[in-house]
Amino acid sequence: MSNMFMICTLLFSALAILAPLEILAAHWQPLAEGYYWKSCPSAEQIVWKAVSAAVRKDPTIPAGLIRLYFHDCFVRGCDASVLLKTTSSKNPTELEDFANRGLRGLDLIDSIKAKVEAVCPGIVSCADIIAFAARDSTYKAGGIYYSIPSGRRDGTVSIESEVSALPPPFLDVPPMLQFFTNKSMSVKEMTALSGAHSIGFAQCRLVSPRLYNFNKTHPQDPTLDPKFASFLKKKCPQNATNSVNLDSVTPNHLDNQYYKNLKRNMGVLTSDQVLANHPMTAKIVKKYIAYPEIWIQDFADAMVHLGSLDVLTGKKGQIRKKCGFVNH
Ligand code: HEM
Ligand SMILES: *[C@@H]1O[C@H](CO)[C@@H](O)[C@H](O)[C@H]1NC(C)=O
Ligand SMILES: *[C@@H]1O[C@H](CO)[C@@H](O)[C@H](O)[C@H]1NC(C)=O
Ligand SMILES: *[C@@H]1O[C@H](CO)[C@@H](O)[C@H](O)[C@H]1NC(C)=O
């Protein structure tokens, strides 16, 4: 009898705890997989076809699209604020900031948007197109598939100074982690997502300080493998304005080679190399080298989490007609 009472009490208290949690959960995860299934059934397929065609022409384009997603989601949430063009010199947008100068894939997003608008005008947000394109890029470059919830709406505001939410490439792990914990992301997620640097480029300008003027006593960063430093110096002569592969071993393949490079002191950016050298992240790097399937899972999970940051849903924001401009 008393057992029965106990079970009932437990059940009721469990319900009392769970019911409000469900409401909260709805707030936390307002996006839904297959959001356009009824309103624009071909949306995701149009993105997939356009990304596939773009990759056939330029196998490095997935890097541009994955980075675009990161830069969108970390600044003012995944609201496509990164795509807004400056219309008044008094209000420079995110695109004007130095960190966004080298973004690639912007024209591709515009052309995908035009194709989607032609079939379902005013339905699919630019923010979701970025998220779909990043998901498809991950598959194209790494054979890594994850499904991405959608239903993001586009923001109407973009402010250059807010790009300071993006981490610069010369920090050690603790200060770099601040940028991620600020976005409720963990050290594991930061380390897993940095694996995106297994594709794409960095401007020599960002690498050269490690090669030519590190500090007063060491012109060259001692955490760089000397042979790799010589290789980089050939690719990036002093004052060069070109770019260099972030992963010179498998430059267009999104894989755990990035972590293997770090282990051999072949990280291109300081922010890459520190992951292998700092105790907070070294163990994670080792795990991703030994168990590529764990990195794949962590990367996919973190990409989905990244896509949920500060999203606009329901009646907030708008569905832009053109990704570069707010609707009149
Ligand atoms: C952990 C902190 C991070 C720092 C400090 C950082 C910094 C950088 C820098 C400096 C570049 C070169 C940009 C240029 O040359 O103009 C770059 C490129 C890139 N980043 Fe990151 N990044 C970080 C995290 C991420 C994340 C989380 C992602 C995506 C999940 C990402 C994806 C990329 C990609 C794909 C490229 C190559 C872009 C291209 O080839 O166009 N990065 N990053
Ligand atoms: C973290 O967020 C706070 C409050 O929004 C901000 O003042 C601070 O500059 C952020 N730090 C980093 C490293 O982004
Ligand atoms: C230069 O960097 C090296 C390695 O980090 C360090 O040992 C040395 O003290 C630094 N020198 C100066 C002048 O900061
Ligand atoms: C690079 O530029 C600096 C500053 O403009 C200049 O002093 C230096 O001589 C240049 N180095 C080379 C190798 O061109």
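Check the entry above for the structure.
Residues numbered from 1 in each chain as written. Chains lettered and ligands numbered in written order. Predicted model: local features only at pLDDT ≥ 70, side-chain atom pairs only at ≥ 80, totals over all residues. Heavy atoms only, no water.

Trainee: How would you explain unusual backbone geometry if you had to name every residue and give the values?
Mentor: Positive phi outside glycine occurs at Arg-76, with the angle close to 65°. By the element assignment, Arg-76 lies in the loop between α3 (61-74) and α4 (98-101). Even without being a glycine, Asn-265 presents a positive backbone phi close to 55°. Take Asn-265: it is sitting in the loop between α11 (257-263) and α12 (270-277). (Helix = DSSP H or I, 4+ residues; strand = E, 2+ residues; numbered from the N terminus.)

Trainee: Lay out the site of ligand 1 in plain terms, naming residues and giving numbers.
Mentor: Taken together, 25 residues surround ligand 1, and among them Ala-63, Arg-104, His-197, Phe-201 and Gln-203 come closest. Contact distances for ligand 1 include 2.7 Å between an oxygen atom and a side-chain N or O atom of Arg-104. Note that an oxygen atom of ligand 1 is positioned 2.6 Å from one of the side-chain N or O atoms of Gln-203. Put simply, the parts of the chain that give the shell around ligand 1 at least two residues each are α3, α7 (173-181), α8 (187-194) and β1 (201-203). Considering every element that reaches the shell around ligand 1, the biggest residue donor is α3, with five residues. In this structure, the shell around ligand 1 is formed jointly by two domains, domain 1 (43-165) and domain 2 (173-303), each of which donates at least three residues. (Near = heavy atom within 4 Å. Polar contact = N/O pair within 3.5 Å; in protein donor to acceptor, adjacent residues only side chain to side chain. Domains from an automatic or database assignment.)

Trainee: Break down the site of ligand 3 for me, with residues and values.
Mentor: Around ligand 3 sit Phe-214, Asn-215, Lys-216, Thr-217, His-218 and Pro-222, and those are all the residues in its vicinity. At 2.7 Å, a side-chain N or O of Thr-217 approaches a nitrogen atom of ligand 3. In isolation ligand 3 offers 360 Å² of accessible surface; the protein chains occlude 43% of this area. Taken together, the residues that form the shell around ligand 3 break down as two nonpolar, three polar and one charged. (Areas by Shrake-Rupley, 256 points an atom, 1.4 Å probe, with all protein chains shown as cover. Nonpolar A, V, L, I, M, F, W, Y, C, P; charged D, E, K, R; others polar.)

Trainee: Describe the environment of Tyr-146, listing the residues and the values that go with them.
Mentor: Tracing the backbone through its elements, the reader meets Tyr-146 in the loop between α6 (126-142) and α7. Judged by its relative accessible area of 4%, Tyr-146 falls in the buried class. Counting along the chain gives 42 residues from Tyr-146 to Arg-104, while the straight-line C-alpha distance between them is 22 Å. Residue contacts for Tyr-146: discarding those within four places in its chain leaves Ala-134, Arg-135, Thr-138, Ala-300, Met-303 and Val-304. Within polar-contact distance, the side chain of Tyr-146 engages the backbone nitrogen of Arg-135 at 3.5 Å. (Buried < 20%, exposed > 50% of the residue type's maximum accessible area, 1.4 Å probe, protein only. Contact = heavy atoms within 4.5 Å.)

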